[in-house]
Amino acid sequence: RARARARARARGPAAAMGDVFNVRALDKTSKAHRARLAGRKADKRKLADKKRRGVDTVDRTGNSKKELEFSGRRAKARAHRASERAQRRLHAPVVEAAVDADPPPLTVVVQGPPGVGKSTIIKSLVKHFTKHGLRDVVGPVTIVAGKKRRVTFVECPDDLPGMIDCCKVADLALLAIDGSFGFEMETFEFLNVLQTHGFPKVMGVLTHLDGFKDSKRLKKVKKRLKQRFWGEIYDGAKLFYLSGLGAGGRYPRRETLNLARFVSLAKVRPLSWRLAHPYVLADRFEDVTDPALVEADPTANRSVAVFGYLRGANLKAGARVHIAGAGDYGTAAVAALPDPCPLPEKAKKRRLVEKEQLIYAPMGNVGEMLYDKDGVYVNIDDWKVNFSKRQQQQGDADGAAGADDAEPDEGVGMVHALQDASTTINDRLQGADIQLISGGRRIAAPALDGSGDEGEGDDEDGDDVSGASDDEYDSDGSDGSDGSDDDDDDDD
């Protein structure tokens, strides 16, 4: 560059500037290319050169340190991805058989030792979903938990046969644990039975936490029971906490909402054995045996109709079925009935309306209608029952058409007489009288309370005001009315 500057100064200022640029350009283009000796491109070039020369590219030195990862974080991520791939290979996705009808309800079994609060948990969940209060939990209780999900709650008995039967049908198990006492033997027995039946999804519920007055002690107990629960199930298993009872003998609304949300959104894994075998959890059953046959022989074979949702595979008529605790029996007929607790309509809605929050619990006398093969049964409360009025006999020549010639029983007759009454009971008491001693004088109602004038109840001769003698009262027990009077004048 010094020599070039000297030549440029000798030539002149204009040529010097142009010559300097030309010299710089020539120097830049004349620089030799330096190929990479390491890195991805260098390894790729070396591998291509080996293949061109026919050299074996497989590393046969057996150097295990060559594959070691120098970054601890990168090595941990690679090991985690490898374990996830292994788990996905072990748990291959299972696709349920496609059906035209809506899927059956999700079976949720609530299990726990006596007095832990199983019934209270079911009552609280039912109240949250349907706004309906249950008095007693009897049999399966089916509710509509969402636009696409129905849930059947079953309270697990405390005996071992009941636990085995519940484990066979449970899709989700809620283990109720007494927080003030800890785990009991019934919980461990139920977990052992669950392991032999495929081990469905399990969630825990801690109850009786209102007995802890110290918050630090309560926190330690929760942590200890959670670690113990994770050791029995798996790390990260859901555990809910329910404190004391609130209004109506149920758990607080916020805690119930948290549990209900997980129950309604829980993703359960279908078990392969259940998908291959049909089974029915009976909601109700009826004895359809001929009454004359039972009256002739009380030990005769019975015919029983069982109603419930079919799960698993298809059930064929005539197939042998096993009834838990009773044995194997044959099926005479299988029929599809209307859904007693259907899912809401397919319209796009953000939430269920009041009339779509259905509940179906026939064993607990909950619900309005029961659909049978040959009829529909309507449940009406006792205080809503009204007898139909008696048919009026018409004086036609050919008699009254459709009238029942048989006399009704005594109870129905009394109700009909009360319905036909034209006056109230107070009006009848105003004109009533009483006889204290057999054969004595009858006393009218105004004379009893002293509100009437003297002589108003009796005439001058002391005769009865009703105009009927004692013999008339003793003979037919009536006072001339239509027979609907409640007074009984016969001697006891």
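Asker: Could you give an account of the overall build of the protein, naming the residues involved and the relevant values?
Answerer: A count of helical and extended segments in the protein gives 15 helices and 15 strands. Within the span of the protein, comprising 492 residues, buried residues form 27% of the whole. Within the protein, contacts between residues at least 6 apart in sequence are counted, and of these 64% link residues at least 24 apart. In the form shown here, the protein has an accessible surface area of approximately 35200 Å², with 52% of it arising from carbon and sulfur atoms.

Asker: An account of the sheet that holds strand β6 (residues 239-241) is needed here, citing residue identities and associated values.
Answerer: Reading across the sheet, the seven strands line up as β6-β5-β4-β1-β3-β2-β11 and stay open at both edges, with mixed pairing between neighbours. The sheet is open, and its two edges are formed by β6 and β11 (359-360), each paired on a single side. When strand β2 (residues 141-144) meets strand β3 (residues 150-155), the two strands line up antiparallel, connected through four bridges. What sits directly across from Val144, in β3, is Arg150. The strands touched by helix α7 (residues 185-196) within the sheet are β1 (106-111), β4 (172-178) and β5 (201-207), with β4 carrying the most contacts at an inclination of about 160 degrees. On top of the sheet, helix α9 (residues 253-265) reaches β1, β3, β4, β5 and β6; it is set at about 160 degrees to β6, its chief contact.

Asker: Pulling in residues and values, what's your account of the side chain of Asp283?
Answerer: Tracing the backbone shows Asp283 in strand β7 (residues 279-287). Once residues lying within four places of it in the same chain are set aside, the contact partners of Asp283 are Pro140, Thr142, Phe307, Gly308, Tyr309, Tyr360, Pro362 and Met363.

Asker: Go over a positive patch on the surface, please, and point to the residues and values.
Answerer: Together, Arg36, Arg40, Lys41 and Lys44 give the surface a local cluster of positive charge. Within the secondary structure layout, Lys44 lies in helix α3 (residues 40-53). What makes Lys44 exposed here is its relative accessible area of 64%.

Analysis parameters
Residues numbered from 1 in each chain as written. Predicted model: local features only at pLDDT ≥ 70, side-chain atom pairs only at ≥ 80, totals over all residues. Heavy atoms only, no water. Helix = DSSP H or I, 4+ residues; strand = E, 2+ residues; numbered from the N terminus. Buried < 20%, exposed > 50% of the residue type's maximum accessible area, 1.4 Å probe, protein only. Contact = heavy atoms within 4.5 Å. Areas by Shrake-Rupley, 256 points an atom, 1.4 Å probe, with all protein chains shown as cover. Pairing = 2+ DSSP bridges. Axes fitted to C-alpha atoms, helices over the stretch in contact; angles between N-to-C directions. Patch = residues over 30% accessible without salt bridge, like charges linked within 9 Å, V, L, I, M, F, W, Y side chains within 5 Å. Salt bridge = Lys/Arg side-chain N within 4 Å of Asp/Glu carboxyl O. Lys, Arg positive; Asp, Glu negative; His and termini not counted. Charge placed at Lys NZ, Arg CZ, Asp CG, Glu CD.

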